[in-house]
Amino acid sequence: MRHWNLTRDAHGIAWMRLDTAGASMNKLSAEVLAEFSAQLDEFDLKPPAGMIIQSAKDSGFIAGADVEEFKALDKPQQAQEIIARGWHLFNRLAAVPYPTLSLIRGICLGGGLEISLACRYRIAVDEPATRLGLPEVLLGIVPGWGGMLRLPRLIGPQAALDMMLTGKTLDARRAKRAGLVDLAVPARLMERSAAELIRSGRPPHRPSGLPALMNHPLMRPIIAAMAKKQVAKKARPEHYPAPYAIIDLWQKADGDPLKMPQLMQTIIGSPTTKNLLRVFFLQERLKSLGKESSFKAKHLHVIGAGTMGGDIAAWGALRGLTVTLQDQDISRIAPAMGRAGALFKKRLRDPLLRRAAMDRLIPDTTGEGIQHADVVIEAIFEDLQAKHALLQQIEPRLKPGAILATNTSSLRIEDLRTALADPSRLVGIHFFNPVAMMPLVEVIAAVGTQPQAAADAAAFVRSIDKLPLPVKSAPGFLVNAVLAPYMLGAMRKLDEGIAPSVIDAAMRRFGMPMGPIELADTVGLDIALAAGRQLSDVASPPTCLMERVEQGHLGKKSGRGFYEWSKGAIANRSDVAAIPEGLAESLIAPLVDRTEALVQAGVIADADLADAGVIFSTGFAPFRGGPLNWNKTRSIRG
Amino acid sequence: MQAPSAPVYLIDGARTPFLKARGGPGPFSASDLATQAGRALLLRQPFAPSDCDEVILGCAAPAPDEVNIGRVVALRMGCGHAVPGWTVMRNCASGLQAIDSAMSQIRLGRSHLVLAGGVDALSRTPLLYSDAMVRWFSEMATKKTVPAKLQHFLRLKPSQLLSPVIALLRGLTDPVVGLSMGQTAENLAHRFGINRAEMDAFSVRSHQRAQAGLQSQAFKEIVPILDDKGKIYAVDDGVREDSSLEGLAKLRPVFDKPYGNITAGNSSQVTDGAAWCLLASEQAVQRYGLKPMARLLDLQWAGLDPAEMGLGPVHAALPLMHRHGLQHRDIDLWEINEAFAAQVMACIRAMADTEYCRTALPQLEGMAAGMLDESRLNIHGGAIALGHPVGASGTRITLHLAHALAQQQQRRGIAAICIGGGQGGAILMEAL
């Protein structure tokens, strides 16, 4: 076998260790499943005392099916084959007469969890890297290899639907608590636990009490209806059909996709699926951009403890770096430390890990951290003089090979670096707000920037679990440059008499997470005005914007802008009855045009990267695959 | 191997603000305090935390989950797995013991760069179950059935449950002679004729000097610390601007009632705090291009009657001076830890008393009794105003002495401390 290693232990237990050839992570490609099936054939003739499935790769358990194969999904025949293959094989696995166990260490997603669900027992290794989930919905498809059948039966339909409809993952302890795995064990006992459990004769886990009741056929319609209501709050069925399909398949077909072929065709054939898959590959491409350099950072120094600087520092500490956060005095750093404490509390379960993260984040009023830092990011206020003075102070104290970066949004790298003895080392590393939520980071190089510096910066960004997007130095880089005309265009529509709530509703219906007017209020109308002046090709700002800024109504931060704000949310959000035809298309046009122009100008290397950048920074409707992809495909369809 | 007289340098140091215990556990654990001060100190050095050869931390009352607090803090500060860390305990002088142990290691050539400090979070000393309660719990654990448990529960005496042992009070009582620290100070007040008014005046002066020190930015060693909600602690919060004789006169005696002299106002405060000194050998100074503040010349420990433990500084400092041929006029600045006003004043009187010196320290032939000039003593206040986090004080007075010598552009100083249980410790340094 190419992908599986089979050994037998002294008790006659067969250990099937998966090591997908030529891949860094295990995936259940057609070949892998074929070999597994052939091995099951042999076991039919000579049954082992038991079979344990394990990963031979350090990178994790099984990441799922082979996503490359999904590219063929738009050919219905092939799609049918892919689904049937896994469905039947795992049904067969679930029916073998000998005990089976899945020993899960690391990532266990999609097909990886489905093969485990078909085993009698599951053990998860209790480590931070161990995560179990069914994320098919995020790619616009469904867990068609038995996930919809077995997960509800194992942990109850409510917990199962929650996992399948959101794609969320559970760590080992939560998986144990939910009943998804039988044991959560430390790595030092994983193999022994597997060997003992598989021979124990313990009956397979069944949920009890309320979850068990809910599996009853009479309860399913009620639960399905509730689930649909929940999903509708986040995803419209016309944009994201997959979650609704999962609910239907569970309710009406007990999770068997082959029983509802029409529904499956709709899902597979939907442009959403194609686009979400495209987005997934775009994300992988951004991740690979960080691999061009082997730069490793241990110490990050951030200067400027405001919203951006403070949050960048907190994120770095969360991701394991030692971080020094500099500002003029401790009272400016203190709020950032408080926000960091809140972030660690939210993201880290273990109090020891929270404490360790706080220990790694060090306030620094005198810049002592610079001499120790591998990466220095300045995030002080946007004033060229101030930044020049700062850069001059920093440069002589830097470690050799350290990255010197700026988080500037509005100043030019070319202008900033004139203050340096070695201007070629300055790069832009531009984060988005809020740092903890926004995956994209623009990595900006100007003509004359050392290529190594840019490559190192991308590697650094990747190492703190963000997606690096290489951009050439130009006003607004990519994201702000495309957002500005979009927001200002929306405001001009407002000047023309369309209500803000209508404008925003149109764009939300289009698939944006929030409308442009709400976005402007959130960003701050003074900032929107300044950005507009810099990034718009129209001479004068929209009247509605000027008026509000003059009156001091700056949006969310001042409680009033285009909307009234209270407690961080829009007060009295009114329902919108009718949205004019074509409004969304005309609103998004400036964004699309500007994106296209930036690709033409070479600011961003190609259309795919541009799409990726816009999606992962603005939340641009992922199911549309990005602004340029949407523009291209809609004109194809006419 | 370095010769015994190899120089030991004090390079730098840092301490947290000292925070008074105010009923209930304080915002920081002992290791939190030591970590925040230590990492700030390490950050401003030209070497990495992992370049330290070891970390030695004095602590009189480490919490049960961090008993080897020296090691815990070494790891938390980022020194890495390979830097050993250990904890020393010599009651009130634990922080000075850490410095002494570091000096020995450097002199022996075993270490070149040592972080030596002291910490205590006295606000977090626990309430303990009495032995009777512990027995009740143990017996409960042996009862298997519900009726048996219930029956045992009925044997619980509420008075036992509701009278926990206050560990702090136990810790501050001498277990051999059965006197509280305050009672030993009352002994000294009696012996040297120190009255209540004099003690109170000494205390007011401590607060005033601390205030003045704050104004003249004399406490460069303090680093502000933050909790995880972003609240800043930047100053010693026990210092009182409104300290006055009238105010102190109103306080009632704490240790000997009803007519004792020692009150909360003329005693050191119960406090949380951490302090560090960075010590280096000649070789480390050369290797890293360090700029020492002072040379630590010598250190002396002494033992005496626990009932008079407050005179420990006399028993340690005088032999130190004698060994180096120094008179009082040769010592530019003094730090004597202010466990109690009466105790420091007793030290001054004892040192000036020929008869006392002759009988208590007969080995110091030819050493003239001398008057310690109080204008050179604790010039920026002491533990009465700043607080006495037991383990930290020995480090604090050493570090502050070095800073005060620099500020006053003076040369030679002695820091001395009395030790519950009947000991004293003193360190002699020379500013560079």
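## Overview of the overall build of chain B
For chain B, the count of helices and strands is 16 helices and 14 strands. A compact globule built from 432 residues should have a C-alpha radius of gyration of about 22 Å, and chain B, at 22 Å, falls within 12% of that. Seen through its C-alpha atoms, chain B measures out along the principal axes to roughly 75 × 55 × 40 Å. Within chain B, buried positions represent 58% of all 432 residues. Across chain B, the fraction of contacts at a sequence separation of at least 24, relative to all contacts at a separation of at least 6, is 80%. A total of about 17,900 Å² of accessible surface is found on chain B, and carbon and sulfur atoms cover 55% of it. If the 40 positive side-chain charges of chain B are averaged to one point and the 39 negative ones to another, these points end up 5 Å apart.

## Overview of the overall build of chain A
Within chain A, the secondary structure is distributed over 27 helices and 19 strands. Its C-alpha atoms put chain A at 80 × 60 × 45 Å along the principal axes. In chain A, which comprises 638 residues, the proportion classed as buried is 56%. Sequence-distant contacts, at least 24 apart, represent 72% of the contacts inside chain A between residues at least 6 apart.

## A word on the domain arrangement of chain B
Domain boundaries in chain B define domain 1 (130-163) and domain 2 (297-427). Look at where the C-alpha atoms of domain 1 of chain B and domain 2 of chain B centre, and you get two points 50 Å apart.

## Quick look at the side chain of A:Arg624
Residues and elements named next belong to chain A. Within the element layout of this structure, Arg624 appears in the loop between α26 (607-618) and α27 (627-637). For the buried Arg624, no salt bridge is present, and the opposite-charge side chain at shortest range is Glu585, 6.4 Å distant. Contacts of Arg624, omitting those with residues within four sequence positions, involve His239, Asn275, Arg509, Phe510, Asn629 and Trp630.

## Regarding the sheet that holds strand β16 (residues 440-445) of chain A
Residues and elements named next belong to chain A. Pairing in this open sheet of eight strands is mixed, and the strands run β12-β11-β10-β13-β14-β15-β16-β17 from one edge to the other. Each edge of the sheet is formed by a strand with only one pairing partner; in this case those strands are β12 (361-364) and β17 (467-472). Averaged over neighbouring strand pairs, the angle between their axes works out to 25 degrees when direction is ignored.

## Observations concerning the sheet that holds strand β5 (residues 107-109) of chain A
Residues and elements named next belong to chain A. Pairing in this open sheet of three strands is mixed, and the strands run β5-β7-β8 from one edge to the other. On the outer flanks of this sheet lie β5 and β8 (169-170), each paired with one strand and no other. Here β5 runs beside strand β7 (residues 131-133); their pairing, made up of three bridges, is parallel. Bridge assignment links Ile107 to a residue of β7, and that residue is Arg131.

## Overview of the side chain of A:Asp521
All names here are of chain A. Among the secondary structure elements, Asp521 is positioned in helix α22 (residues 516-523). At 6.3 Å, Arg548 is the nearest oppositely charged side chain to Asp521, a buried residue that forms no salt bridge. A polar contact of 2.9 Å, which involves the side chain of Asp521, links it to the backbone nitrogen of Phe562. Aside from chain neighbours lying at most four places away, what touches Asp521 is Leu554, Gly555, Lys556, Gly561, Phe562, Tyr563 and Trp565.

## Observations concerning the interface of chain A and chain B
Each side of the interface is counted separately: chain A has 20 residues, and chain B has 19 residues. Across the chain A/chain B interface, buried area totals approximately 1,500 Å², and carbon plus sulfur atoms make up 63% of it. Connecting chain A to chain B are one salt bridge. In this structure, B:Arg76 engages A:Asp359 in a salt bridge whose closest nitrogen and oxygen atoms are separated by 2.6 Å. The tally of links from chain A across to chain B stands at eight residue pairs in polar contact (both at pLDDT 80 or more).

## Quick look at a negative patch on the surface
Negative charge collects at one region of the surface, where A:Asp495, A:Glu496, A:Glu547 and A:Glu550 lie side by side. Along the chain, A:Glu550 falls in helix α24 (residues 543-550).

## With respect to the packing of helix α1 (residues 30-43) of chain B against helix α2 (residues 69-76) of chain B
Residue and element names in this part refer to chain B. Interhelical geometry of α1 versus α2 gives an angle of 45 degrees and a closest axis separation of 9 Å. In this view, α1 runs oblique relative to α2, as classed from their interaxial angle. Handedness of the crossing formed by α1 with α2: right-handed. Between α1 and α2, the residues in contact are Ala30, Ser31, Asp32, Ala34 and Thr35 and Ile69, Val72, Val73 and Arg76, respectively. Grouping the amino acids of the contact of α1 with α2 by side-chain chemistry returns five nonpolar, two polar and two charged.

## Here we look at the nonpolar core
Residues and elements named next belong to chain A. Ranked by internal contacts, the top residues of the largest apolar core, which has 80 residues, are Leu286, Leu478, Met491 and Ile588. For this core, the element with the most residues is helix α20 (residues 479-495), which contributes 10 residues. Phe36, Phe43, Leu134 and Trp145 belong to the second-largest nonpolar core, a separate cluster that totals 74 residues.

## A word on helix α19 (residues 451-463) of chain A
Residue and element names in this part refer to chain A. Its 13 residues place the ends of α19 18 Å apart at the C-alpha level, agreeing with the 18 Å of an ideal helix rising 1.5 Å per residue. Taken residue by residue, α19 has Ala453, Ala454, Ala455, Asp456, Ala457, Ala458, Ala459, Phe460 and Val461 as its buried positions. Check the buried side of α19 and you find it contacts β10 (299-303), β13 (375-378), β14 (403-406), β15 (426-430), β16 and β17. In the stretch just after α19, Asp465 is the one whose phi turns positive, near 70 degrees.

## Considering the environment of B:Val165
Residues and elements named next belong to chain B. Topologically, Val165 is positioned in strand β7 (residues 165-166). As a C-alpha pair, Val165 and Ser130 span 35 residues in sequence and 6.1 Å in three-dimensional space. Those residues within four positions of Val165 in sequence are excluded, and the remaining contacts are Pro126, Leu127, Leu128, Ser130 and Arg170.

## Regarding the packing of aromatic side chains
To describe a pair of aromatic rings, you give the distance between the ring centres and the angle between the ring planes. Residue and element names in this part refer to chain B. Considering all chains together, one arrives at 14 aromatic pairs over all chains under this definition. When the centroid spacing of 5.2 Å and the interplanar angle of 55 degrees are considered together, the rings of Phe47 and Tyr288 count as tilted. Taken together, the residues Phe47 in the loop between α1 and β3 (54-58) and Tyr288 in helix α11 (residues 282-288) connect sequence positions 241 residues apart. Residues Phe47 and Tyr288 agree in their burial class; the two are buried. Relative to Phe340, the ring of Phe255 has its centre 5.9 Å away and its plane inclined at 85 degrees; by these criteria the two rings are edge-to-face.

## Digging into a nonpolar patch on the surface
On the surface, B:Tyr129, B:Val134, B:Phe137, B:Leu161 and B:Leu162 cluster together into a nonpolar patch covering about 490 Å² of accessible area. Residue classification places B:Tyr129 among the partly exposed residues on the basis of a relative accessible area of 48%.

## A look at the state of the cysteines
Applying the stated criterion across every chain yields a total of zero disulfides over all chains. No disulfide involves A:Cys108; its sulfur sits 10.0 Å from that of A:Cys119, the nearest cysteine. A residue is classified by how much of its surface remains accessible, and A:Cys108, at 0% relative accessible area, is buried. This cysteine, B:Cys59, is not joined by any disulfide, and B:Cys92 carries the nearest cysteine sulfur, 13 Å off.

Analysis parameters
- Residues numbered from 1 in each chain as written.
- Chains lettered and ligands numbered in written order.
- Predicted model: local features only at pLDDT ≥ 70, side-chain atom pairs only at ≥ 80, totals over all residues.
- Heavy atoms only, no water.
- Helix = DSSP H or I, 4+ residues; strand = E, 2+ residues; numbered from the N terminus.
- Rg over C-alpha atoms; globule rule 2.2 N^0.38 Å.
- Buried < 20%, exposed > 50% of the residue type's maximum accessible area, 1.4 Å probe, protein only.
- Contact = heavy atoms within 4.5 Å.
- Areas by Shrake-Rupley, 256 points an atom, 1.4 Å probe, with all protein chains shown as cover.
- Lys, Arg positive; Asp, Glu negative; His and termini not counted.
- Charge placed at Lys NZ, Arg CZ, Asp CG, Glu CD.
- Domains from an automatic or database assignment.
- Salt bridge = Lys/Arg side-chain N within 4 Å of Asp/Glu carboxyl O.
- Pairing = 2+ DSSP bridges.
- Axes fitted to C-alpha atoms, helices over the stretch in contact; angles between N-to-C directions.
- Polar contact = N/O pair within 3.5 Å; in protein donor to acceptor, adjacent residues only side chain to side chain.
- Buried area = accessible area lost by both parts, 1.4 Å probe.
- Patch = residues over 30% accessible without salt bridge, like charges linked within 9 Å, V, L, I, M, F, W, Y side chains within 5 Å.
- Parallel < 35°, antiparallel > 145°, perpendicular 65-115°, else oblique.
- Left-handed = near helix turned anticlockwise from the far one by under 90°.
- Nonpolar A, V, L, I, M, F, W, Y, C, P; charged D, E, K, R; others polar.
- Core = buried A, V, L, I, M, F, W, Y, C linked by side-chain atoms within 4.5 Å.
- Expected span 1.5 Å × (residues − 1).
- Phe/Tyr/Trp six-rings, centres within 6.5 Å; stacked < 30°, edge-to-face > 60°.
- Disulfide = S-S within 2.5 Å.

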